[in-house]
Amino acid sequence: MGISALRMMSASVSATVFGSPVADPRAGASAFHEAGGRIFVDLTPVLRSSLGRALVPRVFDVMEARSATVMRGLFGEPEFSVTHRSKRPAIRRALKLAWRFRILPHAVQAIASPEKARRRVAQLGTDLKARLPLPPGVTPLDHAEWLLSTQMIPIVPSILPAVAPGFIMLGLAGKLLGGKAKPGELASVLRGLPHNVTTEMDLELWHLAERIRRHPEATALHDNPLPPPVREELDGFLTRYGDRAVAEIDLGLPRWREDPSHVIGVLANLLRLEDPSLAPDALFAKGAAEAETMIADLAHRAGRLRGPFIRFALGRARALAGLRELPKYYLVVALATVRDLLRQVGADLAERGAIEKPDDIFFLTLPEAREGGDLRTTVTQRRDDYTRELRRRRIPRILLSDGTEPEAVAHTTPTADGALTGTPASSGQITGTARVILDPIGAHLEPGEILVCPSTDPGWTPLFLTAAGLVMEMGGANSHGAVVAREYGIPAVVGVPHATESIKTGQQITIDGTSGTVTSS
């Protein structure tokens, strides 16, 4: 069902962003293909376009740097020769998108008044949430398809004009400063960033742990049922953030409000943190203060003429960049509703004997759920395939049509000292004990350990509250893990190939978030 939902969302992307409606939204956009129960996007038109080659790898540079390197390595291959040199079609589509979503006026408004921009995007979320409940006379399946195909994707370009100016201002400040800003200094301006729904969630989790700590029943976190005072505190957190989950775009996975065991495990970890100087809210406040000090310092270095603009630009970056998490957050809230709707459909199918139990719905496609019939064999086969794929340790980022993985066959030269290299994500250097975690559910991370993981999403970030540093196999300087690490002020290196295989739990390592290296201590 997750693949089927993503297909409908891809059709919405095609219609919303590229102005190309899809004839059958349930089939998805033609650029989306399934392999191993995962969705891959056909980037061939990008590689064959002069404009695509110029722009798309730059986006990947900051979001998934290793993939950008692989893409550039394919530029010389004959099958990816440039066949589309004109920039006009893409420019026309961009202008239509900008006009439809009033991107320029909203961007100007964001720079002039970040507070008004924040109120506007908050209203967008309120309006979306108002459309989520099932209307009278509409079937759960019809409403789920309506939400997936028309209501979710437009939230992204609607919020973009409030977010992009913050990063544009950061980039302009960097250009004007030139060599006057040392490596890592400009990025440190984003530490302790306000208005980020994910860090707000993490800090609320810490405050929840602090409140629970005051209860005599705090040591009974794993009791079933939970003591009433602890349950009451937890319910308050889940009322606001219960739609989240690890790997939360997968409709088949339970939300925290359905299964709060991950949240309870994180709370247990937080209760072991007793050093006040390492408290997440203290570190966050320290990072915010350091960011403001850095802004003043950089403005001073820029001189009397450029200094005021540097101060203004970096202030706007701090005021707006934290909104980057909102589009994903709103999408996840909507997906939680879609999951609830599909479980209603599953309950009906189970009652009719089409499937064994309601959650089997998530191994079916939307058309199959609509058609009904005996679907038990289909569910069993797909569940087996899903279980097998969960054991796969290596997932290709880029895959050619003949099955070749370019990154796997590329020749890499190891560093002389055996160091692992990646993308600098959050400046600073730390030496500590590595903890390799492949799945955050039930994970145990001692305060001060260095988190080594494949990738992260918001469901992982509560672990950042006690981590001393981050090493991640995927990502770039502006990927989720990198952004959150900077906001917490912990050194981070991302896009490190085979990090979870090369580093062992308990190993002493040193990570340098300024140079992008990881060495064994």
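Nothing here was measured: the structure is a model prediction, and the numbers come from that model.

Peer 1: Explain the overall build of the protein to me, please; I cannot follow it from the model alone.
Peer 2: Scanning the protein from N- to C-terminus turns up 19 helices and 10 strands. When burial is assessed residue by residue, the protein has 48% of its 521 residues classed as buried. The contacts in the protein between residues at least 6 apart in sequence include a share of 64% that link residues at least 24 apart. Accessible surface for the protein amounts to roughly 24500 Å². Of this, 57% is attributable to carbon and sulfur atoms. The positive charge centre, built from 61 side chains, and the negative charge centre, built from 57, are 10 Å apart in the protein.

Peer 1: I tried to follow the packing of aromatic side chains on my own but got confused; where do I start?
Peer 2: For any pair of aromatic rings, geometry is given as the distance between the ring centres together with the angle between the planes. Scanning the entire structure with this criterion turns up 4 aromatic pairs. For the ring pair tyrosine 329 and tyrosine 330, a centre distance of 5.8 Å and an interplane angle of 50° mean the geometry is tilted. You can call tyrosine 330 buried: its relative accessible area is 6%.

Peer 1: Help me out: how do you make sense of the environment of arginine 213 in this one?
Peer 2: Of note, arginine 213 is situated in helix α10 (residues 197-213). Judged by its relative accessible area of 31%, arginine 213 is partly exposed. For the pair arginine 213 and proline 45, spaced 168 residues apart in sequence, the C-alpha separation works out to 55 Å. At a separation of 3.0 Å, a polar atom in the side chain of arginine 213 contacts the side chain of glutamate 210.

Peer 1: Can you help me understand the environment of proline 260 in this one?
Peer 2: By secondary structure assignment, the location of proline 260 is in the loop between α11 (228-241) and α12 (261-270). A sequence separation of 26 residues divides proline 260 from leucine 234, and the C-alpha atoms of the two residues are 8.7 Å apart. With sequence-adjacent residues up to four places away left out, proline 260 is seen in contact with Arg231, Leu234 and Leu238.

Peer 1: Looking at this structure, how should I read a positive patch on the surface?
Peer 2: A surface patch of like charges, here positive, comprises Arg88, Arg92, Arg93 and Lys96. Position of arginine 92 relative to the elements: it lies in helix α5 (residues 88-100).

Peer 1: So what exactly am I meant to see when it comes to the sheet that holds strand β4 (residues 423-426) here?
Peer 2: Within a sheet, each strand pairs with its neighbour through backbone hydrogen bonds, oriented either parallel or antiparallel. Overall, mixed pairing links the 8 strands, which are arranged β3-β10-β9-β5-β6-β7-β8-β4 in an open sheet. Each edge of the open sheet is held by one strand with a lone partner, namely β3 (420-421) and β4. Lying on the sheet, helix α18 (residues 480-488) is in contact with β4, β7 (469-472) and β8 (492-494); it crosses β4 at an angle near 40°.

Peer 1: Looking at this model, I keep getting lost on helix α3 (residues 50-63). Mind explaining?
Peer 2: The end-to-end C-alpha distance of α3, which contains 14 residues, comes to 21 Å, matching closely the 20 Å that a straight helix rising 1.5 Å per residue would cover. Within the span of α3, buried status applies to Leu51, Gly52, Arg53 and Pro57. Those residues of α3 hidden inside the fold are in contact with α2 (44-47), α4 (65-73) and α5.

Peer 1: Please clarify how the pattern of salt bridges should be interpreted in this entry.
Peer 2: When charged atoms on two side chains of opposite charge get close, those side chains can pair. For the structure shown, the criterion picks out 36 salt bridges. Put simply, glutamate 34 and arginine 7 hold a salt bridge, and the shortest N to O gap is 3.8 Å. With glutamate 34 in strand β1 (residues 32-35) and arginine 7 in helix α1 (residues 2-16), the pair connects residues that are 27 residues apart, well separated along the chain. The exposure class of arginine 7 is buried, given its relative accessible area of 18%. Measuring nitrogen to oxygen at the nearest pair gives 2.8 Å for the salt bridge that ties arginine 301 to aspartate 297. Placement of both arginine 301 and aspartate 297 in helix α13 (residues 280-320) is noted, with a separation of 4 residues, approximately one turn of the helix. With relative accessibility at 23%, the residue arginine 301 sits in the partly exposed group. Under the relative-accessibility criterion, aspartate 297 is labelled partly exposed at 32%. Residues joined by salt bridges that share partners form a network here, namely Arg38, Asp385, Arg388, Glu389 and Arg392.

Peer 1: What exactly am I supposed to notice about the nonpolar core here?
Peer 2: It is characteristic of soluble globular proteins that their nonpolar side chains tend to be buried jointly. Of all hydrophobic cores here, the largest spans 91 residues; its most connected members are Leu148, Phe237, Leu267, Leu342 and Leu451. No other element matches helix α14 (residues 326-351), which puts 13 residues into this core. By size, the runner-up hydrophobic cluster in this structure holds 18 residues, among which are Met169, Leu170, Val189 and Leu193.

Peer 1: Quick question: what am I supposed to make of the packing of helix α6 (residues 103-112) against helix α9 (residues 155-177) here?
Peer 2: A pair of packed helices is characterised by two quantities: the angle between their axes and the separation of those axes. The interhelical angle for the contact between α6 and α9, taken along N-to-C directions, is 50°, at an axis separation of 8 Å. When the axis of α6 is compared with that of α9, the two are oblique. Between α6 and α9 lies a crossing whose hand is right-handed. Together, Ile103, His106, Ala107, Ala110 and Ile111 of α6 and Pro157, Pro161, Ala162, Pro165 and Met169 of α9 make up the contact between the two elements. Class assignment of the residues belonging to the contact of α6 with α9 gives a composition of 9 nonpolar, 1 polar and no charged.

Peer 1: Any chance you could explain empty space enclosed by the protein here in plain terms?
Peer 2: Any empty space left between atoms is shown by rolling a water-sized probe over those atoms. All told, the structure shown has 2 cavities of 30 Å³ or more when counted by the stated rule. If you trace the largest cavity, you find it lined by Phe167, Leu190, Leu193, Arg324, Asn478, Val483, Arg486 and Glu487. Here the lining of the largest cavity takes 3 residues from α18, the largest share from any one element. Split into classes, the residues belonging to the lining of the largest cavity amount to 4 nonpolar, 1 polar and 3 charged. Of the volumes computed, that of the second largest cavity is approximately 30 Å³. Taken together, Pro280, Leu283, Phe464, Leu465, Ala467, Tyr488 and Ile490 form the lining of the second largest cavity. A per-class count over the lining of the second largest cavity returns 7 nonpolar, no polar and no charged.

Here is what the cut-offs are and how they apply
- Residues numbered from 1 in each chain as written.
- Predicted model: local features only at pLDDT ≥ 70, side-chain atom pairs only at ≥ 80, totals over all residues.
- Heavy atoms only, no water.
- Helix = DSSP H or I, 4+ residues; strand = E, 2+ residues; numbered from the N terminus.
- Buried < 20%, exposed > 50% of the residue type's maximum accessible area, 1.4 Å probe, protein only.
- Contact = heavy atoms within 4.5 Å.
- Areas by Shrake-Rupley, 256 points an atom, 1.4 Å probe, with all protein chains shown as cover.
- Lys, Arg positive; Asp, Glu negative; His and termini not counted.
- Charge placed at Lys NZ, Arg CZ, Asp CG, Glu CD.
- Phe/Tyr/Trp six-rings, centres within 6.5 Å; stacked < 30°, edge-to-face > 60°.
- Polar contact = N/O pair within 3.5 Å; in protein donor to acceptor, adjacent residues only side chain to side chain.
- Patch = residues over 30% accessible without salt bridge, like charges linked within 9 Å, V, L, I, M, F, W, Y side chains within 5 Å.
- Salt bridge = Lys/Arg side-chain N within 4 Å of Asp/Glu carboxyl O.
- Pairing = 2+ DSSP bridges.
- Axes fitted to C-alpha atoms, helices over the stretch in contact; angles between N-to-C directions.
- Expected span 1.5 Å × (residues − 1).
- Core = buried A, V, L, I, M, F, W, Y, C linked by side-chain atoms within 4.5 Å.
- Parallel < 35°, antiparallel > 145°, perpendicular 65-115°, else oblique.
- Left-handed = near helix turned anticlockwise from the far one by under 90°.
- Nonpolar A, V, L, I, M, F, W, Y, C, P; charged D, E, K, R; others polar.
- 1 Å grid on protein atoms, 1.4 Å probe; cavity = no way out; pocket = protein on both sides within 12 Å on 5 of 7 lines; lining within 4 Å.
- Points joined across faces, edges and corners; volume = space filled by probe spheres on them.

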